[in-house]
2 protein chains.
Amino acid sequence: MTLDAVARTAGVSAATASRALNGTARVREDLRTRVLLAAERLGYIPNAHAQALASAQSSVVGVICHDVGDPYFSAIASGVMRAAAARDLMVMLASTFRAPAREVAYVSTLRAHRARAILLIGSGFEDTAWERSMAAELGPYRSSGGRVAVVSRHRSLRVDTVLPENRAGAAELARALIGLGHRDFAVLTGPPSLTTVADRLRGFRDALAEHSIRLAADQVVEGAFTREGGYAAAAELLARGLRASCVFAVTDVMAVGALAALRESGLRVPEDLSLAGFDDVPIVRDLTPPLTTVALPLVRMGETVLDLALREPRGQRSRVERIAGEVLLRGSTAPWRGGTAPPGSE
Amino acid sequence: MTLDAVARTAGVSAATASRALNGTARVREDLRTRVLLAAERLGYIPNAHAQALASAQSSVVGVICHDVGDPYFSAIASGVMRAAAARDLMVMLASTFRAPAREVAYVSTLRAHRARAILLIGSGFEDTAWERSMAAELGPYRSSGGRVAVVSRHRSLRVDTVLPENRAGAAELARALIGLGHRDFAVLTGPPSLTTVADRLRGFRDALAEHSIRLAADQVVEGAFTREGGYAAAAELLARGLRASCVFAVTDVMAVGALAALRESGLRVPEDLSLAGFDDVPIVRDLTPPLTTVALPLVRMGETVLDLALREPRGQRSRVERIAGEVLLRGSTAPWRGGTAPPGSE
DNA sequence: CTGAAAGCGCTTACAG
DNA sequence: CTGAAAGCGCTTACAG
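Residues numbered from 1 in each chain as written. Chains lettered and ligands numbered in written order. Predicted model: local features only at pLDDT ≥ 70, side-chain atom pairs only at ≥ 80, totals over all residues. Heavy atoms only, no water.

*Asks:* Where do I start with the overall build of chain A in this structure?
*Replies:* A count of helical and extended segments in chain A gives twelve helices and twelve strands. Across its three principal axes, chain A shows a C-alpha extent of roughly 85 × 40 × 35 Å. Residues counted as buried form 55% of the 346 residues belonging to chain A. A separation threshold of at least 6 residues defines the contact pool for chain A, and within that pool the share at least 24 residues apart is 75%. Accessible area for chain A stands at about 14500 Å²; split by element, carbon and sulfur atoms hold 50% of it. (Helix = DSSP H or I, 4+ residues; strand = E, 2+ residues; numbered from the N terminus. Buried < 20%, exposed > 50% of the residue type's maximum accessible area, 1.4 Å probe, protein only. Contact = heavy atoms within 4.5 Å. Areas by Shrake-Rupley, 256 points an atom, 1.4 Å probe, with all protein chains shown as cover.)

Shown next, in the form of structure tokens:
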């Protein structure tokens with residue numbers, strides 16, 4: 001079924017059929033009707049590739065995340081999908097399974113598909129080699145009209161960014177925890193090359209420093225950015241000898257794993273140990289106890305990043321949409337030792 | 001950057017350049033090298049649309065699910081992504097947000113994109129009108145070489161299917177629960193037009209009937225297929241007057257909502273009431289108590305459905321890959337009233 | 001408003 | 001093994 005066939009059975013030229021079907025130009029009413037009818041009758045479906053080739057623009061946007069199976073990305077992706085549907089765009093989704101090289105390769109593939117926009121979800125890497133090759137892909141893409149937007153800080157990419165305030169959020173969380181009376185902390189952290197990890201750790205540390213609290217080196221344990229990573233990190237922390245009354249896992253997903261590990265070792269949360277995460281992925285409010293965390297509006301961030309990518313740029317500068325995190329004190333954190341905490345928090 | 005430009009700077013014809021780049025035919029070694037070098041130097045990226053148009057085949061597969069934000073779909077999608085990556089295929093993902101009409105529309109769009117395969121994830125609808133329009137899309141697509149595969153039962157679609165044994169799984173769960181001594185059950189169910197809901201409900205009911213247990217009409221409450229749906233359904237059940245010692249939510253996601261509602265009303269799980277779900281989505285083992293459920297290998301199902309779609313069909317018959325569910329008795333279900341249950345289960 | 005024609009960037013018989 | 005040429009199925013100036 002081609003346009004030509006439709007045109008022929010409608011008794012018009014392909015040009016007219018195209019215009020009638022797409023509404024790109026005025027077409028005499030009766031011709032229009034005939035074309036539409038013919039298309040309907042023949043079950044005509046346009047060839048998106050031919051359209052893209054002829055018009056030099058496609059209706060797909062590319063989204064690259066680390067793993068759709070992770071609730072953080074799945075929530076953001078959900079927001080992107082919603083925004084894409086509203087604009088009649090299709091989404092090409094790629095999971096890198098956390099391999100930076102694959103991320104670059106996917107950008108290249110997305111360029112081949114002439115994606116109207118490319119969205120990088122998920123933390124950037126503080127890795128010069130990676131940045132260089134990523135920039136090498138993104139540069140030509142953008143100068144040929146492609147739009148790029150990212151979620152999270154990507155150091156030198158200079159692209160439109162939806163920027164969760166990781167540092168401020170972690171700092172505020174730390175202050176709230178201090179407000180509960182805690183003075184000894186441990187941190188379960190992720191791969192240090194991820195900007196998200198670096199920022200959260202730094203914010204947390206800075207806020208502790210405000211109160212002259214130091215984070216002992218052996219109380220900071222690194223793990224993979226997954227539930228299993230959180231589990232292993234917590235186990236390692238216990239093996240090293242826990243000297244904290246409160247543990248901060250830099251993501252909720254890690255916190256979930258940590259909770260399991262702590263439980264298995266016989267520790268009660270929050271009675272023996274408080275635990276906090278970051279992100280507020282959908283499930284953590286349903287844990288027992290519900291997890292204290294820094295809430296990010298993940299779905300909205302997904303909508304925003306697509307909007308940002310597609311919105312007409314006004315100048316040279318890349319735009320940054322800051323997203324504040326909201327500290328949610330829930331059941332997984334308790335006042336220290338039965339509550340010597342001051343009433344007003346902080 | 002076009003193929004022609006590469007060919008020209010390499011001093012060969014476009015045909016040769018194409019063959020060298022794609023490895024589709026033998027090319028004299030020195031020419032091949034020159035082409036590859038030229039492409040590299042020019043930063044050549046092929047136009048996937050032109051390739052698809054000229055070769056009449058694309059390298060994308062389409063996936064339609066209800067909502068990527070839901071852990072069930074996100075896990076399956078993760079499996080699809082992995083399988084797609086292994087085959088160097090890109091995935092076009094669509095979320096219908098549970099609107100059947102949108103599902104049909106997406107199939108049409110995917111046809112326009114000449115997707116090599118279309119995967120329908122998520123339950124079918126027992127709705128004749130829907131089936132008719134879906135079949136009207138799928139038929140022409142398949143006879144023009146498109147592959148289709150689905151997860152879950154889609155009544156009359158006659159396509160390759162990854163079929164979780166919902167009925168058998170729910171029946172086995174019921175037997176295990178009866179084995180714990182329970183005799184009074186309530187069910188939190190989803191939209192009855194979904195085949196998944198119908199099958200699970202039926203399997204559960206049938207197994208109860210084997211033991212002459214009837215499910216009272218007012219103890220079966222319908223809710224949306226979401227956490228909120230489960231929450232509301234549980235609340236409604238309580239409002240009607242709970243007369244069960246064990247509640248079965250037809251999906252884990254609903255069970256999570258139900259657990260919250262039960263808790264809020266002051267009921268303890270499993271001391272006052274046992275609760276079970278279905279699917280074993282990643283989080284439920286981390287709930288407190290961990291949820292009893294029927295485990296489905298979701299990620300593997302995602303891999304399987306893509307493999308199935310792409311595997312060369314051998315005959316006319318559609319293939320069915322049955323997936324057994326494994327009953328996992330965890331902490332959310334307890335023996336009835338302190339355990340009159342027989343030792344061996346069942 | 002309508003149509004003939006060129007062109008989008010590739011691939012692939014078809015000759016050589 | 002290599003190249004000239006046709007063709008994939010559209011869109012869109014350009015005339016009329």
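Further notes follow.
*Asks:* Mind showing me how you'd approach the protein's contact with DNA strand C here?
*Replies:* Around DNA strand C, a shell composed of 26 residues is seen, among which A:Thr16, A:Arg19, A:Leu31, B:Leu3 and B:Ser18 lie nearest. Atoms of DNA strand C within 4 Å of the protein: sugar and phosphate make up 69%, bases the balance. Residue B:Leu3 places a main-chain N or O atom 2.5 Å away from a phosphate oxygen belonging to DNA strand C. Of all elements in the fold, only helix H2 (14-22) and helix H4 (48-55) of chain A together with helix H2 (14-22) and helix H4 (48-55) of chain B reach the threshold of two or more residues within the surface near DNA strand C. (Near = heavy atom within 4 Å. Polar contact = N/O pair within 3.5 Å; in protein donor to acceptor, adjacent residues only side chain to side chain.)

*Asks:* Explanation requested: helix H3 (residues 29-42) of chain B in the structure shown.
*Replies:* Residues three or four positions apart in an α-helix share a direction because the helix packs 3.6 residues into each turn. All names here are of chain B. Its 14 residues give H3 an end-to-end C-alpha distance of 20 Å, which sits within 8% of 20 Å, the value for a rise of 1.5 Å per residue. Leu31, Val35, Ala38 and Ala39 are the residues of H3 that are buried. Take H3 and look down its axis: the buried residues cluster within an arc of 100°, on one side only. For H3, the exposed residues lying more than 90 degrees away from the buried face are Leu37, Glu40 and Arg41. Summarising the contacts, the buried residues of H3 are in contact with helix H1 (3-10) and H2. Where H3 ends, the next residue or the one after it, Gly43, has phi of about 65°, a positive value. (Expected span 1.5 Å × (residues − 1). Arc of directions from axis to C-beta.)

*Asks:* Can you walk me through the interface of chain A and chain B in this structure?
*Replies:* One widely used convention gives an interface's size as the accessible area the parts lose upon coming together. On the chain B side, the residues contacting the 47 residues of chain A number 47 residues. Taken over both partners, the interface formed by chain A and chain B buries close to 4200 Å², and the fraction arising from carbon and sulfur atoms is 62%. Three residues stand out in chain A for area buried against chain B, namely A:Ile45, A:His49 and A:Met90, and they jointly supply 17% of the buried area on that side. The tally of links from chain A across to chain B stands at four salt bridges. Note that A:Asp286 and B:Arg227 form a salt bridge whose closest N and O atoms lie 2.6 Å from each other. Inspection of the region where chain A meets chain B yields 18 residue pairs in polar contact (both at pLDDT 80 or more). Listed by contribution, the elements that provide at least two residues to the side of chain A that touches chain B are H4, helix H5 (71-86), strand E2 (90-95), helix H6 (100-112), helix H10 (227-240) and helix H11 (252-264) of chain A. Examining the composition of the side of chain A that touches chain B, we find that seven residues originate from one element, H6(A), more than from any other. Its residues placed into classes, the side of chain A that touches chain B shows 24 nonpolar, twelve polar and eleven charged. (Buried area = accessible area lost by both parts, 1.4 Å probe. Salt bridge = Lys/Arg side-chain N within 4 Å of Asp/Glu carboxyl O. Nonpolar A, V, L, I, M, F, W, Y, C, P; charged D, E, K, R; others polar.)

*Asks:* Would you mind showing me how to read the sheet that holds strand E6 (residues 185-189) of chain A here?
*Replies:* Across a sheet, paired strands are connected by hydrogen bonds in the backbone, their directions being either parallel or antiparallel. Residue and element names in this part refer to chain A. Strand order in the open sheet formed by four strands is E7-E6-E8-E9, and the pairing between neighbours is parallel. Sheet topology places strand E7 (220-222) and strand E9 (274-276) at the edges, where each strand pairs with a single neighbour. Pairwise comparison of adjacent strand axes, ignoring direction, gives a mean angle of 15° for this sheet. Contacting E6, strand E8 (246-249) and E9, helix H8 (residues 166-179) crosses the sheet at an angle of about 165° to E8. (Pairing = 2+ DSSP bridges. Axes fitted to C-alpha atoms, helices over the stretch in contact; angles between N-to-C directions.)

*Asks:* Explain the side chain of A:Ser245 here, please?
*Replies:* Residues and elements named next belong to chain A. Examined against the element boundaries, Ser245 turns out to sit in the loop between H10 and E8. The class for Ser245 is buried, based on a relative accessible area of 11%. At a separation of 2.5 Å, a polar atom in the side chain of Ser245 contacts the side chain of His182. Once residues lying within four places of it in the same chain are set aside, the contact partners of Ser245 are His182, Arg183, Asp184, Leu273, Ser274 and Trp336.

*Asks:* How should I be thinking about the protein's contact with DNA strand D in this particular structure?
*Replies:* Residues in close proximity to DNA strand D total 26 residues, the closest being A:Leu3, A:Ser18, B:Thr16, B:Arg19 and B:Leu31. Within 4 Å of the protein, the contacting atoms of DNA strand D are drawn from sugar and phosphate to the extent of 69%. Contact between DNA strand D and B:Arg19: a base nitrogen at 2.5 Å from a side-chain N or O atom of the residue. Backbone polar atom of B:Ala54 to a base oxygen of DNA strand D: 3.4 Å apart, as the coordinates give it.

*Asks:* In this structure, what is going on with the nonpolar core? I would like to understand it.
*Replies:* As a rule of thumb, soluble globular proteins bury nonpolar side chains together. Within the largest apolar cluster, 206 residues are counted, with the highest numbers of intra-cluster contacts made by A:Leu119, A:Leu188, A:Phe204, B:Leu119, B:Leu188 and B:Phe204. Among residues more than four places away in sequence, those in contact with B:Leu119 are B:Gly62, B:Val63, B:Ile64, B:Val80, B:Ala149, B:Val305, B:Leu306 and B:Ala309. (Core = buried A, V, L, I, M, F, W, Y, C linked by side-chain atoms within 4.5 Å.)

*Asks:* Just to check I follow, could you spell out the environment of A:Arg314 for this structure?
*Replies:* Of note, A:Arg314 is situated in the loop between helix H12 (298-310) and strand E11 (320-323). Sequence-wise, A:Arg314 and A:Phe97 are 217 residues apart; in three dimensions their C-alpha atoms are separated by 35 Å.

*Asks:* How should the relation of the copies chain A and chain B be read in this particular structure?
*Replies:* Applying a rotation about an axis and a shift along it to one chain copy brings it onto the other copy. Here chain A sits on chain B after a turn of 180° about the axis and a move of 0.0 Å along it, with an RMSD of 0.0 Å. The operation mapping one copy onto its partner corresponds to a two-fold rotation axis. (Least-squares fit on C-alpha atoms with pLDDT ≥ 70 in both.)

*Asks:* For this particular structure, what's the right way to read the sheet that holds strand E4 (residues 147-151) of chain B?
*Replies:* Ordered in space as E11(A)-E5(A)-E4(A)-E3(A)-E1(A)-E2(A)-E2(B)-E1(B)-E3(B)-E4(B)-E5(B)-E11(B), the twelve strands form an open sheet in which the pairing is mixed. Only two strands of the sheet have a single partner each, and these edge strands are E11 of chain A together with strand E11 (320-323) of chain B. Here the average twist between neighbouring strands, direction ignored, is 20°. Examined bridge by bridge, strand E1 (residues 60-65) of chain A and E2(A) share six bridges and lie parallel to one another.

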